Amino acid sequence: MLLRRCFLFPFPAVRLVRRSLHRKHDHIVLHPEIRQALQLQKPVVALESTIITHGMPMPENVVTALAVEEQVRQNGAIPATIGILDGRIKVGLTREELTSLAEKPRDQVIKCSRRDLPFVVSRRQSGGTTVAATMIIAHRVGIHVFATGGIGGVHRDGHESMDVSADLTELGRTPVAVVCSGVKSILDIPRTLEFLETQGVCVASFDSPGGVFPDFYTRDSGCTVPYNLKSAQEAAELLRSWRELKMESGLVIGVPIPEEFAADKFKIEEAIKEATAQARAQGISGKEVTPFLLAAIAKITEGRSLKSNIALIKNNAKVAAQIAASLCDVSTKLESPVQKAIDKKPLVVGASILDLSFKVDDQKRDMKLDGATYSAVAKQAAGGVGRNIAEGIYKLYGDVNLISAVGNDQMGQTLLQMMPKALKRGLIVADNHNTSLCSLIFDKFGDCKLILGNMEIHQSITAETLQAHHQLFREAPLIIMDSNISEQAMASILQQAQINKIPVFFEPTDMFIAGKPFKLLPELTKNIRLIKPNMQELKTITEAITGETVKWNPETKQPQTELVQQAKSLIKKIDSHFNCIIATLSDHGVLLSYRGDAENDARLLLDVSKPTPPHSTRFYPAPMVHNIVNVSGAGDSFCAGFITALLRGRSLDECIAGGFVAAERALQSESAVPATYFSNQESFESRYKHTARIIQQQSI
C-alpha cells in the first residue's frame, strides 16, 4: 500500500522552473517564545540594546536590561530585546546572549542604526540596536509596541551641524509605537518636535495634564504636544485606529519619569552644558556623542542621572506592556467568534513517517525501473501526511495537537528528534510495531517515480487510544484526518466529531485509499465538511459516494480547459456532501467548489449545523514558482496554509492564497516542511493577502 502520494503541487500552467538553489539566509532569528507569542497574537514589547552596549556601564547595563524585561512580564506582555550577535539579528535575546553582548569590548560592538544594519550583518559583527534599528526590526517581525528610555533628536547645534538623529526620519516611515520619556535632555527638544511634526509623526504625552512633554531626566521640557493619553486603554484605542488607518509613520508616547526620580532641572542643565563642552574639547562627533554625553553627565552628577535613567526606562517598559496588553484586549473584543478560536488548537490525526529519499544525480542516464544501479543523493527527514500538515499548522497558526504513532525503536527515536516538541504531546509509542519508513525515489529532475513503505504501525491508533484523548477533540475548532489510519480509527474520530459538533477536514492521501470513509462508513461522514483531493483521488471519492464507475481517467497532460470541465462534472455529483472541495489539478492550479453562501463569509465552510446549499466553483491558476528543490511536501503545506487562513476568518481568496504561499516555501525547501516558512505571522499574512489580490483577478 502506498503511504502517501508524491504531490506535484499545482503550480503554473507555464513550466515550473527547477534549480537546486538554497533559499536565501534569513538574517532575523526569532526566539521561539517570541515567534509563538506573535503567532498567537499575544502582547509583545520590543526593547533596544544600545542601552546594553553603549548606554550604561557594566554591570548596571545587564542588571537594568533584565529588570526592564521583568517589568514587561509583570505587566502582562512578553519582552523581546533586539540585538545583533555575530551577524545574526536576534529578536528575544536570551540571558546568556544579553550578557555576551554586554561583555564584548566597546570597540567590537557597533551602535547600529538603519545605515549600519547591512554592514554589521554582512561582516558578521555584533551590535546594539538604536531606536531606529529596533523600530525597523520590530516592524519587520510584527511587533507594534516598543519601549525605550528616550528618542534621539535634533542636536543643540543641529541648525549649524545638521546633526539630526536617524530616529526621527525612522519615525516618519516605520509604523511602530515608541513609548519613551520624550526626547533626551541633551538635545534641542523644540526643534525635535517640529521635525517630528514635519514627518507626520503623532506625538502624545501620557498621563500628563495639558499635554506637557517630558524631557528624559525631568517631567517638563517646557514644550506641550497636542494630545494627552490618560490611560493604557486610551493609548490602545489610539494604536488600534492608527493601525486600522494603515499609517506608515510611527507614533511617540511621552511618559514622564516617576516624580521621585526626576532630576533638578537647573542642575541637570548645568551638567549637560559641562558634558557638551567636554565632548567638543575631545572632538567627539557623530553617533558617539550621545553615549559620551550620558556617561559624562552620570559622572558629573555622581551617578544620580544614571539612577534616573534606570528608573525611567523601567517605568516606560511598564507602561508599554500595559498598552500592548490593552491593545490585545481591544482587538479581541472586536474579533469574530472564529477569530476568537485562535487560542484553540486544531487537531490532526494521521501518519508519522521517517522519509528516506534518493534523488538520482546521474546526468548521463535517465532513470528507469530496470534493476540498474544509479548514483543518487540520499536524505532522511520527518514525513507522513498527518505529521507534515500538523507541523505546517504549528509553524503558521501557532499551535496544534497531533495524534500519531511511532515505534519504540531507533527509527522512532530519530523521527522524534526531528519533530517540534508540541507535536509529541499526543504521540503513541508502540512496542509491537516498527516505525513507519517511507523510501521515495526521485529522478534527476526532482519528480517522484516510486514510493515504498510500511504502514502497519498506524493500526496502533485505535478507538481506545483516541477516546483517551477526548479532551483534544472537544476543544478543537477543526479536526484534520488523513486516510492512512484504520477504518476503526476513522469511525471513532467521526463519532467524536458528531458528538462535539466539530467539522472535519479530510486529506485523502492516496488514490487507492481516498474513498475509505465514504465507502465503509457512509453514515458517519456527515461532519467531513472539507476535502482536498487531487484528480485521481477525486475520481475515487466520487465512485465511493455514488457507487458509479467513473470511466474518465485523469491525465495531467490534458488541456487545462478540458481538465477543469471534467473535474467540475465529478464535483457536481458529490458537492452536496461537503461545504468545500479543493481539487488540486497538478501544475494547472486549484478548482475550488464551495457552498454558495460562503462567498462573503468563508467561516461557513466550518459549519456543521445546516444543510449544504448549492455550490459555486472557481478555478485558480497556480502562480509561477522558481528555484524548486523538491515537491514531496507542497500539498501538505498547502493544507496548512489554507487551514491557518480559514481558522483566522479570512476570505476564500485569502485561504487559497495562504495555501499557495505556504506551498511555494515548501517547494523551495530541502525538507517536506520548511524549517521556517516566514519570519513571523504578519509576514505570512502580508504575503497571502498580496497573493490573494493577484489570484482574485486571475480566477475563473
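In the nomenclature of an unreviewed UniProt entry, the protein chain is known as Carbohydrate kinase PfkB domain-containing protein of Drosophila melanogaster.

Engineer: Could you give an account of the overall build of the protein chain, with specific residues and numbers?
Structural biologist: In terms of regular secondary structure, the protein chain is built from 25 helices and 24 strands. Taken over the C-alpha trace, the protein chain has a radius of gyration of 29 Å; the compact-globule value for 700 residues is 27 Å, and the two agree within 12%. Its C-alpha atoms give the protein chain principal-axis dimensions of about 95 × 55 × 50 Å. Element-wise, carbon and sulfur atoms account for 51% of the exposed surface of the protein chain, whose accessible area totals about 29000 Å². Between the averaged position of the 79 positive side-chain charges in the protein chain and that of its 75 negative side-chain charges there is a distance of 3 Å.

Engineer: How would you explain the environment of V109 if you had to name every residue and give the values?
Structural biologist: By the secondary structure assignment, V109 is in strand β5 (residues 109-112). With 56 residues separating them along the chain, V109 and T53 place their C-alpha atoms 7.1 Å apart. Beyond its immediate stretch of four places on either side in the chain, V109 contacts T53, H54, L101, K104, S126, G127 and G128.

Engineer: Summarise the domain arrangement of the protein chain; cite the residues concerned and give the values.
Structural biologist: As far as domains go, the protein chain holds domain 1 (28-331) and domain 2 (345-363 + 375-497). Centre-to-centre, using C-alpha coordinates, domain 1 lies 46 Å away from domain 2.

Engineer: Let's hear about helix α6 (residues 131-141): which residues, and what values?
Structural biologist: Here α6 lies mainly inside the structure; 9 of its 11 residues are buried. Within the span of α6, buried status applies to V131, A132, A133, T134, M135, I136, I137, A138 and V141. Just past α6, the residue G142 takes up positive phi, approximately 95°.

Engineer: Give me the lowdown on empty space enclosed by the protein, citing residues and values where you can.
Structural biologist: This structure, assessed with the given rule, holds 2 cavities of 30 Å³ or more. In this structure, the largest cavity encloses a volume near 90 Å³. The wall of the largest cavity is formed by L47, E48, I51, I52, A65, V68, E69, T81, A147, T148 and I313. Put simply, the parts of the chain that give the lining of the largest cavity at least two residues each are α2 (50-55) and α3 (60-74). Class assignment for the residues of the lining of the largest cavity results in 7 nonpolar, 2 polar and 2 charged.

Engineer: Got a sec to walk through the packing of aromatic side chains? Specific residues and values, please.
Structural biologist: Taken as a whole and assessed by the stated rule, the structure comprises 6 aromatic pairs. Ring centres of F216 and Y217 lie 4.8 Å apart, and the angle between their planes is 75°; on these two criteria the pair is classed as edge-to-face. The same class applies to F216 as to Y217, namely buried. Seen in terms of ring centroids, F684 and Y688 are 4.8 Å apart; in terms of plane orientation they differ by 75°. Their pairing is edge-to-face. Taken together, the residues F684 and Y688, both in helix α25 (residues 681-698) and 4 residues apart, mark about one turn of the helix. When sorted by exposure, F684 lands in the same class as Y688, which is buried. Following the ring pairs from residue to residue traces out a cluster consisting of F506, F518 and F578.

Engineer: Account for the sheet that holds strand β19 (residues 479-482), naming residues and giving values.
Structural biologist: Read across the open sheet, the 9 strands follow the order β16-β15-β12-β19-β20-β21-β22-β23-β24; overall the sheet is mixed. Of all strands in the sheet, those bounded by a partner on one side alone are β16 (426-430) and β24 (615-621). Each neighbouring strand pair of the sheet contributes to a mean axis angle of 20°, computed without reference to strand direction. Pairing geometry for strand β12 (residues 347-349) and β19, over 3 bridges, is parallel. Across the sheet, residue L347 finds its bridge partner in β19, namely I479.

Rules used throughout
Residues numbered from 1 in each chain as written. Predicted model: local features only at pLDDT ≥ 70, side-chain atom pairs only at ≥ 80, totals over all residues. Heavy atoms only, no water. Helix = DSSP H or I, 4+ residues; strand = E, 2+ residues; numbered from the N terminus. Rg over C-alpha atoms; globule rule 2.2 N^0.38 Å. Areas by Shrake-Rupley, 256 points an atom, 1.4 Å probe, with all protein chains shown as cover. Lys, Arg positive; Asp, Glu negative; His and termini not counted. Charge placed at Lys NZ, Arg CZ, Asp CG, Glu CD. Contact = heavy atoms within 4.5 Å. Domains from an automatic or database assignment. Buried < 20%, exposed > 50% of the residue type's maximum accessible area, 1.4 Å probe, protein only. 1 Å grid on protein atoms, 1.4 Å probe; cavity = no way out; pocket = protein on both sides within 12 Å on 5 of 7 lines; lining within 4 Å. Points joined across faces, edges and corners; volume = space filled by probe spheres on them. Nonpolar A, V, L, I, M, F, W, Y, C, P; charged D, E, K, R; others polar. Phe/Tyr/Trp six-rings, centres within 6.5 Å; stacked < 30°, edge-to-face > 60°. Pairing = 2+ DSSP bridges. Axes fitted to C-alpha atoms, helices over the stretch in contact; angles between N-to-C directions.

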